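Each chain, written out:
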Amino acid sequence: MIKFVLMVNQQGQTRLSKYYDPVELSRRAALEAVVVRCCLSRSKHECSFVEYNDFKLVYRQYAALYVVVGITHSENELSIYELIQNFVEVLDKYFSRVSELDIMFNLDSVHIILDEMIQNGHIVETNKSRILAPLTAIDKMADG
């Protein structure tokens, strides 16, 4: 099961956070700081899977952004690694080459994309067209 998804920049600033396992608000900042430090401190030659406390971290860097996913020990790391790739491809398709500013200024759209892909910590959709269908409909209504 997926516990959380984070998008952070190279300075460690969180740009997106989505939790599927309850974490107290007061503990989130500390958890994110430790998780981000753990991933950002690793070199490009090290594995993108990290054991951390009672869960595993799977992360991937795209340009100036890192996508970090916290998962249970029973979850397959490679499927999550591919999920991250798919998530970024969907973002690229929607934003025409996604950037950190796209994430910051269109956070609601990014959450819709993530909600279409993951529900209750489980992957429910990977088809890019189906993932983008609700946003396409919203954009048509806004334009029309």
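Note that the structure is a prediction, hence the values are computed from the model and not measured.

So, how was this worked out
Residues numbered from 1 in each chain as written. Predicted model: local features only at pLDDT ≥ 70, side-chain atom pairs only at ≥ 80, totals over all residues. Heavy atoms only, no water. Pairing = 2+ DSSP bridges. Helix = DSSP H or I, 4+ residues; strand = E, 2+ residues; numbered from the N terminus. Axes fitted to C-alpha atoms, helices over the stretch in contact; angles between N-to-C directions. Left-handed = near helix turned anticlockwise from the far one by under 90°. Contact = heavy atoms within 4.5 Å. Nonpolar A, V, L, I, M, F, W, Y, C, P; charged D, E, K, R; others polar. Core = buried A, V, L, I, M, F, W, Y, C linked by side-chain atoms within 4.5 Å. Buried < 20%, exposed > 50% of the residue type's maximum accessible area, 1.4 Å probe, protein only. Patch = residues over 30% accessible without salt bridge, like charges linked within 9 Å, V, L, I, M, F, W, Y side chains within 5 Å. Areas by Shrake-Rupley, 256 points an atom, 1.4 Å probe, with all protein chains shown as cover. Salt bridge = Lys/Arg side-chain N within 4 Å of Asp/Glu carboxyl O. Phe/Tyr/Trp six-rings, centres within 6.5 Å; stacked < 30°, edge-to-face > 60°. Lys NZ or Arg CZ within 6 Å of the ring centre and 35° of its normal.

Participant: So what's going on with the sheet that holds strand β5 (residues 65–71)? Which residues, and what values?
Facilitator: If you walk across this open sheet you meet the five strands as β2-β1-β5-β4-β3, and the pairing is antiparallel. Where the open sheet ends on each side, the last strands, each with one partner, are β2 (14–19) and β3 (49–52). Sheet twist, expressed as the mean angle between neighbouring strand axes with direction ignored, is 20°. Examined bridge by bridge, strand β1 (residues 2–9) and β5 share seven bridges and lie antiparallel to one another.

Participant: Tell me about the packing of helix α4 (residues 107–117) against helix α5 (residues 128–143), and please be specific about residues and values.
Facilitator: Axis separation between α4 and α5 bottoms out at 8 Å; the angle between their running directions is 145°. With respect to the hand of their crossing, α4 and α5 are arranged in right-handed fashion. For the pair α4 and α5, contact is made by Ser109, Ile112, Ile113, Glu116 and Met117 and by Arg130, Ile131, Leu132, Pro134, Leu135 and Ile138, respectively. In terms of residue class, the contact of α4 with α5 is built from eight nonpolar, one polar and two charged.

Participant: Please provide a residue-by-residue account of the nonpolar core, values included.
Facilitator: One finds Ile2, Phe87, Leu91 and Ile113 to be the most contacted residues of the largest nonpolar core, which totals 28 residues. Mapped onto this core, the elements with two or more residues apiece are β1, β5, α2 (77–95), α4 and α5. When residues in this core are grouped by element, the largest group, eight residues, is from α2. Residues contacting isoleucine 113, with those up to four places away along its chain left out, are Phe87, Val90, Leu91, Tyr94, Ile131, Leu132 and Leu135. Core analysis: the next-biggest nonpolar cluster, separate from the first, contains 16 residues, Leu6, Leu31, Val50 and Leu57 among them.

Participant: Just give me the short version of a nonpolar patch on the surface, but keep the residues and values in it.
Facilitator: Nonpolar side chains collect at one region of the surface, where Leu101, Met104 and Phe105 lie side by side and expose about 330 Å² of accessible area between them. In this fold, methionine 104 is placed in helix α3 (residues 100–105).

Participant: Tell me about the packing of aromatic side chains, and please be specific about residues and values.
Facilitator: The full count for this structure, using the stated rule, is five aromatic pairs. Taking 4.9 Å as the distance between ring centres and 80° as the angle between the ring planes, the aromatic pair formed by tyrosine 94 and phenylalanine 95 counts as edge-to-face. With relative accessibility at 23%, the residue tyrosine 94 sits in the partly exposed group. By relative accessible area, phenylalanine 95 is classed as buried at 13%. Members of the aromatic cluster, joined through ring pairs, are Phe4, Tyr19, Tyr52 and Phe55. Its end group placed over the ring of tyrosine 81, arginine 60 keeps NZ or CZ at 4.1 Å from the ring centre.

By themselves, these are just geometric observations and shouldn't be taken as functional.
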